[in-house]
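# Tertiary structure, described
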Amino acid sequence: MVKKVAIIGAGPGGLAAAIALSNLGLDVQVYEQAQEFRPAGTGLGLTPNGLTCLEAIAPGIVAALTSSGCQVHHTVFKSMPGETIRTNASMMLAQYGQPLLTVWWWRLQQTLASRLPSNIIHLNHRCIGFEQNESSVKVKFDNEKTINADLLIGADGLHSAVRQTLFAEGQPNYVGSMCWRAVIEYDHELFNSYDLAFIKGQQQFMFLLNVGGGYTSWVTRKFMPDYSLSRSAVEAKARILHELTDWDASFRAIVEATPAEQIWEGPICDRPPLTHWSQGRVTLLGDAAHPMAPAMAQGANSTFEDVCELQACLCNATSLTEALVSYEQRRRDRTSIIQARSAVGEMRYYDIETPGQKQELSQSNNEDFQDWLYKYQPPVHSGKLTAML
Ligand SMILES: Cc1cc2nc3c(=O)[nH]c(=O)nc-3n(C[C@H](O)[C@H](O)[C@H](O)COP(=O)(O)OP(=O)(O)OC[C@H]3O[C@@H](n4cnc5c(N)ncnc54)[C@H](O)[C@@H]3O)c2cc1C
């Protein structure tokens, strides 16, 4: 019997899952460690596979995200001194029926949260573990509260406490790519003609994303076999500007315009694919289940696929065990391929290839792979959970 669902994490995955499972008539509660919702996160590229799922979960949401974010019509590839290497018109809408959207993680979070009653989202609840038996799962928080649920979903990201309780793996794997990023109110001159820019440097690159509403997301990543963190925000900003010394002034200007305390500095990490990620009444989704390097822009997109599959498995199964086994079986192979491709793609940005990777790299760009990725369709289900209610 499944009635009460506890979701850990009010990120894109947790909130999308809350909408999907509330629509099945379940009593869903979301627990988030943040003390308040505040502007956070990076600019995300949402691709047709993710948007198709989002629209299935919350009809009308793609239109809302299109008006608060940006539909990408053109991307431009530039060199460090600012020369145009090539420009591409986005063919996503024509080829796959959904566009490429660029949105701010925070706006995506707020858009999803606005589809839920506010009293089911509990801020200031950091999950520190759980215990389960055959009939329920008891979730513990650092504010000394505990709650009981029939199903626990860990949607708590890369450093998932739910995954740690399940598998005790420890720290994630640093992939060799160091990242600095921010989203600020800034109209970059490039956005008169393009919505997305990629600038390639020496084992370093930068993305500029128009995320709508006059906001720009900048991300720069550098190949670093070992990484170290700056001692202060001011030092981090000085460090980035130093790394961008030979870059065109317009690329440096956006970093200069960013208040130091708004810059996020950190390593890009993933984890090895899991062969299973459910136990008893507990499962994972999104970055908690299959964290990946951002090279293919699939972290959030694959998370929305997870949500659709979990929703359908809960509808179609006759027991919770059957639903969770079927959910991870349906997700395992696809997400492990995307994780592997993302790791290879991250190194490809720096043109560091081992001979074994070369073939994979040439395949990673091919149309078949893109079709496989972007043509994903969520499974059909009855929209009712009669068997388990
Ligand atoms: C530089 C960069 C660029 C990216 N670009 C893209 C892109 O273009 N397209 C794309 O699809 N993806 C992209 N991603 C990946 C994307 O951000 C993630 O895959 C996505 O946010 C995962 O969603 P999630 O809900 O699983 O986890 P998260 O977004 O990490 O959300 C997890 C939530 O859980 C909360 N939480 C964590 N621990 C606890 C706890 N113990 N108790 C309670 N709450 C907790 C967190 O505060 C957070 O709100 C990018 C990532 C990076 C770093």
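Above this text is the structure in question.
Description of the structure in this document. Computed from a prediction, not measured in an experiment: that's the story for all the values here.

It is worth spelling out the sheet that holds strand 13 (residues 173-185) at this point. Hydrogen bonding along the main chain pairs the strands of a sheet, whether they run parallel or antiparallel. Ordered in space as 6-5-14-15-16-13-17, the seven strands form an open sheet in which the pairing is mixed. Two strands bound the open sheet, and with one partner strand each, they are strand 6 (84-89) and strand 17 (264-270). If you compare each strand with its neighbour and ignore which way they point, the axes differ by 20° on average. Bridge count between strand 14 (residues 196-200) and strand 15 (residues 204-212): five bridges; the pairing is antiparallel. Following the sheet pairing, Leu 196 is matched in strand 15 by Leu 209. Against the sheet, helix 10 (residues 320-348) touches strand 13, strand 15, strand 16 (215-223) and strand 17, its axis set at about 75° to strand 13.

The next subject is the packing of aromatic side chains. Counted by the stated rule, this structure contains 17 aromatic pairs. Judged by centre distance (5.6 Å) and plane angle (45°), the ring pair of Phe 205 and Tyr 350 falls under tilted. Of the two residues, Phe 205 sits in strand 15 while Tyr 350 sits in the loop between helix 10 and helix 11 (355-364), which places them 145 residues apart along the sequence. Classification of Phe 205 by relative accessible area gives buried; the value is 0%. Look at Tyr 350 and you get buried, because its relative accessible area is 3%. What links up through ring pairs into an aromatic cluster is the set Phe 77, Phe 198, Phe 205, Phe 207, Phe 223, Tyr 349 and Tyr 350. Sitting over the face of the ring of Phe 77, Arg 86 holds its NZ or CZ atom 4.0 Å from the ring centroid. Here Arg 341 stacks its cationic end above the ring of Phe 369, 4.2 Å away from the centre of that ring.

A separate point is the packing of helix 9 (residues 299-316) against helix 10. Following both chains from N to C, one finds helix 9 and helix 10 inclined at 155°, their axes separated by 8 Å at the closest point. The orientation of helix 9 with respect to helix 10, classified from their angle, is roughly antiparallel. The two elements helix 9 and helix 10 meet at a crossing, and its hand is right-handed. Contacts between helix 9 and helix 10 pair Ser 302, Glu 305, Asp 306, Glu 309, Leu 310, Cys 313, Leu 314 and Asn 316 from the former with Leu 320, Glu 322, Ala 323, Leu 324, Ser 326, Tyr 327, Arg 330, Arg 331, Arg 334, Thr 335 and Ile 338 from the latter. Classifying every residue of the contact of helix 9 with helix 10 gives eight nonpolar, four polar and seven charged.

In the neighbourhood of the ligand, 30 residues make up the surrounding shell, with Gly 13, Glu 32, Gly 45, Asp 287 and Ala 300 lying closest. Between the ligand and the protein, one listed contact pairs an oxygen atom with a side-chain N or O atom of Trp 105 at 3.0 Å. Gly 299 places a main-chain nitrogen or oxygen 3.5 Å from an oxygen atom of the ligand. Here the ligand loses 86% of its free accessible area of 1,000 Å² to cover by the protein chains. Here the shell around the ligand takes three residues from helix 9, the largest share from any one element. Residues belonging to the shell around the ligand are distributed by class as follows: 13 nonpolar, 12 polar and five charged.

Moving on, we come to the side chain of Ser 79. Note that Ser 79 resides in strand 5 (residues 74-79). Exposure remark for Ser 79: the relative accessible area of 12% places this residue in the buried category. Once residues lying within four places of it in the same chain are set aside, the contact partners of Ser 79 are Ile 85, Ile 199, Lys 200 and Phe 251.

In space, the five strands of this open sheet follow the order 8-2-1-12-18, with parallel pairing throughout. Unpaired on one side and paired on the other, strand 8 (121-122) and strand 18 (282-284) mark the two borders of the sheet. As paired strands, strand 2 (residues 27-31) and strand 8 are joined by two bridges and run parallel to one another. Pairing of Tyr 31 across the sheet is with His 122, part of strand 8. Those strands touched by helix 1 (residues 12-22) are strand 1 (4-8), strand 2, strand 8 and strand 12 (151-154), and its axis lies near 170° from that of strand 2.

If charged atoms from side chains of opposite charge come close, those side chains can pair. By the definition in use, this model includes 15 salt bridges. A salt bridge links Asp 142 to Arg 126; the nearest nitrogen and oxygen atoms lie 3.3 Å apart. With Asp 142 in the loop between strand 10 (137-141) and strand 11 (146-149) and Arg 126 in the loop between strand 8 and strand 9 (127-132), this residue pair connects regions lying 16 residues apart in the sequence. Taking relative accessible area as the criterion, Arg 126 reaches 39% and is therefore assigned partly exposed. When the shortest N-O distance is used, the salt bridge between Arg 221 and Glu 346 registers 2.7 Å. On the criterion of sequence distance, the pair formed by Arg 221 in strand 16 and Glu 346 in helix 10 is long-range, its members being 125 residues apart. What emerges from the salt-bridge pattern is a single network uniting Glu 305, Asp 306, Arg 331 and Arg 334.

Attention now moves to the pairing of strand 13. The element strand 13 is largely enclosed, with a buried count of 11 among its 13 residues. Relative to strand 17, strand 13 runs antiparallel, the two sharing six bridges. Considered in strand 17, the bridge of Arg 181 is made with Trp 264.

Rules used in this analysis
- Residues numbered from 1 in each chain as written.
- Predicted model: local features only at pLDDT ≥ 70, side-chain atom pairs only at ≥ 80, totals over all residues.
- Heavy atoms only, no water.
- Pairing = 2+ DSSP bridges.
- Helix = DSSP H or I, 4+ residues; strand = E, 2+ residues; numbered from the N terminus.
- Axes fitted to C-alpha atoms, helices over the stretch in contact; angles between N-to-C directions.
- Contact = heavy atoms within 4.5 Å.
- Phe/Tyr/Trp six-rings, centres within 6.5 Å; stacked < 30°, edge-to-face > 60°.
- Buried < 20%, exposed > 50% of the residue type's maximum accessible area, 1.4 Å probe, protein only.
- Lys NZ or Arg CZ within 6 Å of the ring centre and 35° of its normal.
- Parallel < 35°, antiparallel > 145°, perpendicular 65-115°, else oblique.
- Left-handed = near helix turned anticlockwise from the far one by under 90°.
- Nonpolar A, V, L, I, M, F, W, Y, C, P; charged D, E, K, R; others polar.
- Near = heavy atom within 4 Å.
- Polar contact = N/O pair within 3.5 Å; in protein donor to acceptor, adjacent residues only side chain to side chain.
- Areas by Shrake-Rupley, 256 points an atom, 1.4 Å probe, with all protein chains shown as cover.
- Salt bridge = Lys/Arg side-chain N within 4 Å of Asp/Glu carboxyl O.

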